Amino acid sequence: IIPRNNKLINIKVTELGTYTFILNDDLEKPLTIFVSKYNDEVEGYTIYEPGTYNSPIVLKEGDKLYFKKGVYNILKFELASHSEIVFEDGTFIQTINPSLDNETPVLNPDWANMIRYPAFITASDKTDIKISCKAIIDLGNISWHGRLGLFMERCKELTFKDFMLVNSPEWTLEVECSED
């Protein structure tokens, strides 16, 4: 039941999927609902609970991370070969704005006279990386031109499935000199 102008709209969902609704003609604030099967099999994964992670989450080769449903505040991810990140359906991730106190910039300043940090999700020269499940990653807390959303360079066998990057302060997704 979704209220609209003091009226209720009843919606019956009969299939798994992603449903996006525009309420009160407000295109800037859509409501997205993910409907999926419950997955309780996470054996072999490092489990993350909702919360704030002020340090980069740095994966080592072969790491598998599983993020339980909830709200997270995360500084950034650094990916490794043969690694996997799974977000439980309905996970919401807000980025933490980088600063000189918690991270080293890649350009200081860049062409726009802004301090620029590595991408929120980044990998270079890696193979077999997977990011999957229905999650929303909101990059809106990052200063304008502060960092890319996702950046992969010279990587192979990349799989990105069913997550959304929104409110990017710069390029949202950049894959360079990569294959598969």
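Now for a look at the structure at hand. No experiment lies behind these values; they were computed from the predicted model shown.

Points about the overall build of the protein chain
Each helix and strand counted, the protein chain has zero helices and 17 strands in total. When the backbone C-alpha atoms are referred to their principal axes, the protein chain occupies close to 50 × 40 × 30 Å. When burial is assessed residue by residue, the protein chain has 37% of its 180 residues classed as buried. Contacts spanning at least 24 positions in sequence make up 49% of the contacts within the protein chain whose residues lie at least 6 apart. Of the accessible surface of the protein chain, which amounts to about 10800 Å², a share of 49% is contributed by carbon and sulfur atoms.

Let's talk about the state of the cysteines
Scanning the entire structure with this criterion turns up zero disulfides. Not engaged in a disulfide, the cysteine cysteine 155 finds its nearest cysteine sulfur in cysteine 177; these two sulfurs lie 10 Å apart. Exposure remark for cysteine 177: the relative accessible area of 70% places this residue in the exposed category.

Things to note about the pattern of salt bridges
Opposite charge on two side chains lets them pair, provided their charged atoms get close. All told, the structure shown has nine salt bridges when counted by the stated rule. Between glutamate 78 and lysine 76 there is a salt bridge whose closest N-O contact spans 2.9 Å. Residues aspartate 128 and lysine 130 are paired through a salt bridge, measuring 2.7 Å at the closest nitrogen-oxygen approach. Overall, the relative accessible area of 18% leaves aspartate 128 in the buried class. Exposure remark for lysine 130: the relative accessible area of 32% places this residue in the partly exposed category. Connected via shared salt-bridge partners are Lys76, Glu78, Glu103 and Arg147.

Quick look at the packing of aromatic side chains
Centre-to-centre distance and the angle between the planes together describe a pair of aromatic rings. Within this structure, the stated rule accounts for ten aromatic pairs. A network of ring pairs unites the aromatic residues Tyr48, Tyr53, Phe67, Tyr72, Phe77, Phe87 and Phe120 as a single cluster.

Here we look at the nonpolar core
Generally speaking, a soluble globular protein has its nonpolar side chains buried in company with each other. If you look at the biggest cluster of nonpolar residues, it comprises 28 residues, and the most contacted ones within it are Phe67, Phe77 and Leu79. Going through the elements one at a time, strand E8 (64-67), strand E9 (71-74), strand E11 (83-87), strand E13 (121-124), strand E14 (127-138), strand E15 (150-153) and strand E16 (156-166) are the ones with two or more residues in this core. Here the element with the most residues in this core is E14; it accounts for four residues. If near-sequence neighbours (up to four positions away) are discounted, leucine 79 is found in contact with Leu59, Ile85, Ile121, Thr122, Ala123, Lys126, Ile129, Ile131 and Met152.

So, the sheet that holds strand E7 (residues 57-58)
With parallel pairing, the five strands of this open sheet are ordered in space as E7-E10-E13-E15-E17. Taken across any chain shown, the strands that pair with only one partner, and hence form the sheet edges, are E7 and strand E17 (173-176). Pairing between E7 and strand E10 (residues 77-78): two bridges, direction parallel. Bridge assignment links isoleucine 57 to a residue of E10, and that residue is phenylalanine 77.

Brief notes about the environment of lysine 130
Structurally, lysine 130 can be placed in strand E14. As for lysine 130 and valine 86, which are separated by 44 residues in sequence, their C-alpha atoms are 8.1 Å apart. With sequence-adjacent residues up to four places away left out, lysine 130 is seen in contact with Ser83, Glu84, Ile85 and Thr159.

Some words on the environment of leucine 158
Inspection of the secondary structure puts leucine 158 in strand E16. Overall, the relative accessible area of 14% leaves leucine 158 in the buried class. Spatially, the C-alpha atom of leucine 158 lies 8.5 Å from that of isoleucine 131, the residues being 27 residues apart in sequence. Beyond its immediate chain neighbours, meaning those up to four positions away, leucine 158 contacts Ile129, Met152, Val175, Ser178 and Asp180.

What about the side chain of arginine 116?
With respect to the helices, strands and loops of the structure, arginine 116 is situated in the loop between strand E12 (91-95) and E13. A relative accessible area of 17% places arginine 116 in the buried class. Within the local environment of arginine 116, its side chain forms a polar contact with the side chain of glutamate 170, the two groups lying 2.7 Å apart.

Reading the values: rules and limits
- Residues numbered from 1 in each chain as written.
- Predicted model: local features only at pLDDT ≥ 70, side-chain atom pairs only at ≥ 80, totals over all residues.
- Heavy atoms only, no water.
- Helix = DSSP H or I, 4+ residues; strand = E, 2+ residues; numbered from the N terminus.
- Buried < 20%, exposed > 50% of the residue type's maximum accessible area, 1.4 Å probe, protein only.
- Contact = heavy atoms within 4.5 Å.
- Areas by Shrake-Rupley, 256 points an atom, 1.4 Å probe, with all protein chains shown as cover.
- Disulfide = S-S within 2.5 Å.
- Salt bridge = Lys/Arg side-chain N within 4 Å of Asp/Glu carboxyl O.
- Phe/Tyr/Trp six-rings, centres within 6.5 Å; stacked < 30°, edge-to-face > 60°.
- Core = buried A, V, L, I, M, F, W, Y, C linked by side-chain atoms within 4.5 Å.
- Pairing = 2+ DSSP bridges.
- Polar contact = N/O pair within 3.5 Å; in protein donor to acceptor, adjacent residues only side chain to side chain.

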